[in-house]
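# Architecture at a glance
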Amino acid sequence: MNAYRHELTARVLAQRVIGIVRTSDGKAAHTTAQTMIAAGLRSIEITLTHPEALTVITALRARHPSVLLGAGTVIDGASAAEAVRAGASFLVCPGLVPQVIRTGHRHGVPVLAGTGSVTEILSALEQGADAVKVCPASGYSPGWIADVRAAVP
């Protein structure tokens, strides 16, 4: 993808939904992602929670070059670099991991950092995260998110 990081970030967030594929094996991940693509999702995160995740990203990238495929649950710089080499268009880390942000940016790939408080959101933005996600989302109400968005647009 020959695009600037801010352009990729805008494209990743354009549908306002990112499909998250978290499975225990590659076959299930591939099938789930294919179903999401067929349903019209254009931003899909494949979590690195099983050993075949990078292979799935590579296979999907070859078959669906216009879909923005991200690697999720990226917890260190080495995994970030491997994900980009596999074809990830963006990276998602479950927490604030500066090494993932730096590695993603070194390769021109946006990074969505996981945050759990307003302090972490501000810290992630200061450290260069292209976007933040509240993680784990199930711990927060829509009202909390609205309040935070009002204070930190």
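A brief look at the structure comes next. Small disclaimer: the values here were computed from a predicted structure and weren't measured. (Residues numbered from 1 in each chain as written. Predicted model: local features only at pLDDT ≥ 70, side-chain atom pairs only at ≥ 80, totals over all residues. Heavy atoms only, no water.)

## Comments concerning the pattern of salt bridges
Counted by the stated rule, this structure contains one salt bridge. Arginine 5 is paired through a salt bridge with aspartate 130; the nearest N and O atoms lie 3.0 Å apart. Of this pair, arginine 5 sits in helix α1 (residues 5-13) while aspartate 130 sits in the loop between α6 (118-126) and β6 (131-134), placing them 125 residues apart in sequence. On the basis of relative accessibility, which here comes to 21%, the residue aspartate 130 falls in the partly exposed class. (Salt bridge = Lys/Arg side-chain N within 4 Å of Asp/Glu carboxyl O. Helix = DSSP H or I, 4+ residues; strand = E, 2+ residues; numbered from the N terminus. Buried < 20%, exposed > 50% of the residue type's maximum accessible area, 1.4 Å probe, protein only.)

## A word on the layout of surface pockets
If you add up the space inside the largest pocket, you get close to 910 Å³. Every residue lining the largest pocket is counted, 25 residues in all, and those nearest its centre are Leu13, Ala131, Val132, Lys133 and Val134. Every element with two or more residues in the lining of the largest pocket is listed here: α6, β6 and α7 (142-151). Here the lining of the largest pocket is composed, by residue class, of 19 nonpolar, no polar and six charged. (1 Å grid on protein atoms, 1.4 Å probe; cavity = no way out; pocket = protein on both sides within 12 Å on 5 of 7 lines; lining within 4 Å. Points joined across faces, edges and corners; volume = space filled by probe spheres on them. Nonpolar A, V, L, I, M, F, W, Y, C, P; charged D, E, K, R; others polar.)

## Side note on the side chain of glutamate 45
Structurally, the position occupied by glutamate 45 is in strand β2 (residues 43-47). Of the buried charged residues, glutamate 45 lacks a salt bridge, with lysine 133 as the closest side chain of opposite charge at 4.3 Å. Contact partners of glutamate 45, with chain neighbours within four places excluded, come to Ile18, Gly19, Ile20, Val21, Gly70, Ala71, Gly72, Thr73, Phe90, Val92 and Lys133. (Lys, Arg positive; Asp, Glu negative; His and termini not counted. Contact = heavy atoms within 4.5 Å.)

## Here's the deal with the sheet that holds β2
The six strands are arranged β1-β2-β3-β4-β5-β6 in an open sheet whose pairing can be described as parallel. One side of each edge strand has no neighbouring strand; the edge strands of this open sheet are β1 (19-21) and β6. Taken pair by pair, the neighbouring strands of this sheet meet at an average axis angle of 25°, ignoring direction. Across three bridges, strand β4 (residues 90-93) lies against strand β5 (residues 111-115) in parallel orientation. Each bridged residue has a counterpart across the sheet, and for valine 92 the counterpart in β5 is leucine 112. Across the sheet, α1 lies against β2, β3 (68-72), β4, β5 and β6, angled at about 90° from β3, the strand it touches most. Of the strands in this sheet, β2 and β3 are in contact with helix α3 (residues 53-63), which crosses β3 at around 175°. (Pairing = 2+ DSSP bridges. Axes fitted to C-alpha atoms, helices over the stretch in contact; angles between N-to-C directions.)

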